[in-house]
Amino acid sequence: MASIAVVGTAAQSVIVVGGGPMGLASAWALAKRGASVTVVERFEVVNALSSHGGFTRVIRQAYHEGSDYVPLIQESETEWLALGRRAKQTLLVQTGLLEFGAPEHPELIDAISVCERMQLDYEVTDAATTRRRWPFTMPDDWISCFTPSGGYLRVRQCMEAFRSEAERCGVSVLEGVAVQRVAQTGKRVGVVLDDGRQLWADRIVVTAGPWLPSLLPPRLRQGLVRLRRVLAWSKPQGGRDEALRRLPVWAAFLPHGFFYGFPLSDEGVTGVKLACHTNFLAEEAGVLSQPVDPDRVDRDAGAKELASLAEILAAHLPAAVGPWAHHTVCMYTSTPSWDFLIDRLPDDPRVVIAGGFSGHGFKFAPAVGRLVAELVLGEGGPRADFSFARHLRDAGG
Ligand SMILES: Cc1cc2nc3c(=O)[nH]c(=O)nc-3n(C[C@H](O)[C@H](O)[C@H](O)COP(=O)(O)OP(=O)(O)OC[C@H]3O[C@@H](n4cnc5c(N)ncnc54)[C@H](O)[C@@H]3O)c2cc1C
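Just so it is clear, the structure is predicted and the values come from calculations on it, not from any experiment. (Residues numbered from 1 in each chain as written. Predicted model: local features only at pLDDT ≥ 70, side-chain atom pairs only at ≥ 80, totals over all residues. Heavy atoms only, no water.)

A. The arrangement of the site of the ligand in detail. Taken together, 36 residues lie around the ligand, and E41, S51, H52, V58 and K363 are the ones closest in. At a separation of 3.1 Å, an oxygen atom of the ligand approaches a polar backbone atom of M22. E41 has a polar side-chain atom sitting 2.6 Å from an oxygen atom of the ligand. Of all the secondary-structure elements, those providing two or more residues to the shell around the ligand are helix 1 (21-32), strand 2 (36-41), strand 3 (56-59), strand 14 (225-234) and strand 18 (324-334). Per-element accounting of the shell around the ligand gives the leading share, three residues, to strand 18. Looking at side-chain class alone, the shell around the ligand contains 20 nonpolar, 11 polar and five charged residues. Two domains each provide a minimum of three residues to the shell around the ligand, namely domain 1 (13-52 + 156-224 + 337-394) and domain 2 (97-148 + 225-333). (Near = heavy atom within 4 Å. Polar contact = N/O pair within 3.5 Å; in protein donor to acceptor, adjacent residues only side chain to side chain. Helix = DSSP H or I, 4+ residues; strand = E, 2+ residues; numbered from the N terminus. Nonpolar A, V, L, I, M, F, W, Y, C, P; charged D, E, K, R; others polar. Domains from an automatic or database assignment.)

This is how it looks when you write it as structure tokens:
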């Protein structure tokens, strides 16, 4: 596993392109370390057009993607809770996380083995036990893994907490203006804004979510694919609202993909939020794997997409079935391995990029902010060893 090399001297001024969760977390981490930081955000800091739309994000430690992620999630969880205490706001709602599927499902096996290896608090139960506790339905021979640490993050509250801590450390946030391109001279790096202004600094951080590729040199764009995903909120009609409000966050490892949902809540929309992370059938049909352009993506959920989510509810949480209260479209920016991309630009180490969060980055924002700040400021010190930079090097860096 490659580690991120740390070289260079402390930077004085930093421009962060993109005021999403990663940009704000990076700005805050940099300012805490003494940098003078300006964030440039094309829309408003919290917006529905980039990758953090949809009001809530799952946080889970039973990370079937790999146990290497777990220390970063734990670091982030500690930070989310501390941020929430200071902001006097609940940022992380610890509902617990229930994952279920056939006992031979490889990703469910991976989730359970990560719990074991990382000594997480977890419980594996049979279908009958799960059904007694919650209104989920599943075949008799399926199993569930419950981790009490799981839950969801409240996107707006999280980002406002980052912003106010960052501003308290002196960070300036410019909203409603887009960076057209990153400009490099021998001495300084800067950004050209779409209103014609130029801003210059010692270092640039690019955390532009689905727009990251357009700010990268062409040869580094290739592995980053923007994928469209639908989020939908059902308005349950079955009269079981109380039981649905007590649900954990849940995920179904189905033979054809990974689907997940939330308890009934009033987070942005009153309803049971549901989404699809992967759906191999749709990918085979060329639907979910179709690259999109964030400026042209179809932001309406299609009838087929909603029907496939309705099927999941009917099969596994019938008490939540009802008309859609709301639906929206959001974009992943995925790397070939679905690992993150946090690195310096090979041709200009004054520019650090953090992107390719592949549909699972939000929960990591506090740790990503720290990693970015350390990369920018060239700080040493102990940190987890990660291979997240691999993709950029593979792309020719
Ligand atoms: C449907 C969906 C579900 C998800 N579920 C989860 C989940 O349950 N758990 C989890 O941990 N993660 C989840 N994620 C992933 C998570 O939301 C993203 O990893 C995270 O939002 C990435 O943050 P970011 O700051 O890199 O990008 P964004 O959130 O996209 O923010 C980037 C910001 O940069 C701005 N910007 C872009 N270009 C420019 C420019 N040229 N100039 C100025 N500003 C610019 C944008 O306007 C935007 O505000 C999900 C993502 C999606 C799409």
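After presenting the structure, the write-up continues.
B. Layout of the domain arrangement of the chain. Assigned domains within the chain: domain 1 (13-52 + 156-224 + 337-394) and domain 2 (97-148 + 225-333). Taking only C-alpha atoms, the centre of domain 1 and the centre of domain 2 are 30 Å apart. Taken together, the contacts link 17 residues of domain 1 with 14 residues of domain 2. Buried area between domain 1 and domain 2, both sides added, is near 1200 Å², and the carbon and sulfur share of it is 55%. Between domain 1 and domain 2 we count zero salt bridges in total. In terms of residue class, the side of domain 1 that touches domain 2 is built from eight nonpolar, eight polar and one charged. (Contact = heavy atoms within 4.5 Å. Buried area = accessible area lost by both parts, 1.4 Å probe. Salt bridge = Lys/Arg side-chain N within 4 Å of Asp/Glu carboxyl O.)

C. Fine view of the nonpolar core. Counting residues in hydrophobic clusters, the biggest one holds 75 residues, and the most contacted among them are L30, W80 and I342. If one sorts the elements of this core by residue count, helix 9 (residues 365-377) sits on top with nine residues. Taken domain by domain, the makeup of this core includes at least three residues from each of domain 1 (13-52 + 156-224 + 337-394) and domain 2 (97-148 + 225-333). The contacts of W80, once residues within four sequence positions are left out, are I59, L91, L92, L153, C158, F162, F362, K363, A365 and P366. (Core = buried A, V, L, I, M, F, W, Y, C linked by side-chain atoms within 4.5 Å. Buried < 20%, exposed > 50% of the residue type's maximum accessible area, 1.4 Å probe, protein only.)

D. Up close: helix 2 (residues 70-87). Helix length check: helix 2 (18 residues) gives 25 Å between terminal C-alpha atoms against 26 Å at 1.5 Å per residue, within 8%. All buried positions along helix 2 are accounted for by V70, L72, I73, S76, E77, W80, A82, L83 and G84. Just beyond helix 2, the residue with positive phi is K88, at close to 55°. (Expected span 1.5 Å × (residues − 1).)

E. Just helix 9, in detail. Between its first and last C-alpha, helix 9 extends 18 Å over 13 residues, near the 18 Å set by a 1.5 Å rise per residue. Across the 13 residues that make up helix 9, a large majority, 13, are buried. Residue G378 follows helix 9 closely and has a positive phi angle near 65°.

F. Up close: the pattern of salt bridges. For the coordinates displayed, the defined rule picks out 18 salt bridges. For R188, the salt bridge identified is with D202, shortest N-O distance 3.7 Å. One end of the pair, R188, is in the loop between strand 10 (179-184) and strand 11 (189-193); the other, D202, is in the loop between strand 12 (198-201) and strand 13 (203-206), with 14 residues separating them in the sequence. Assessed through its relative accessible area of 23%, D202 is described here as partly exposed. A salt bridge links R228 to E305; the nearest nitrogen and oxygen atoms lie 2.4 Å apart. Of this pair, R228 sits in strand 14 while E305 sits in helix 8 (residues 303-316); the two residues are 77 residues apart in sequence, bridging distant segments of the chain. A single salt-bridge network, built from bridges that share partners, covers E75, R370 and E374.

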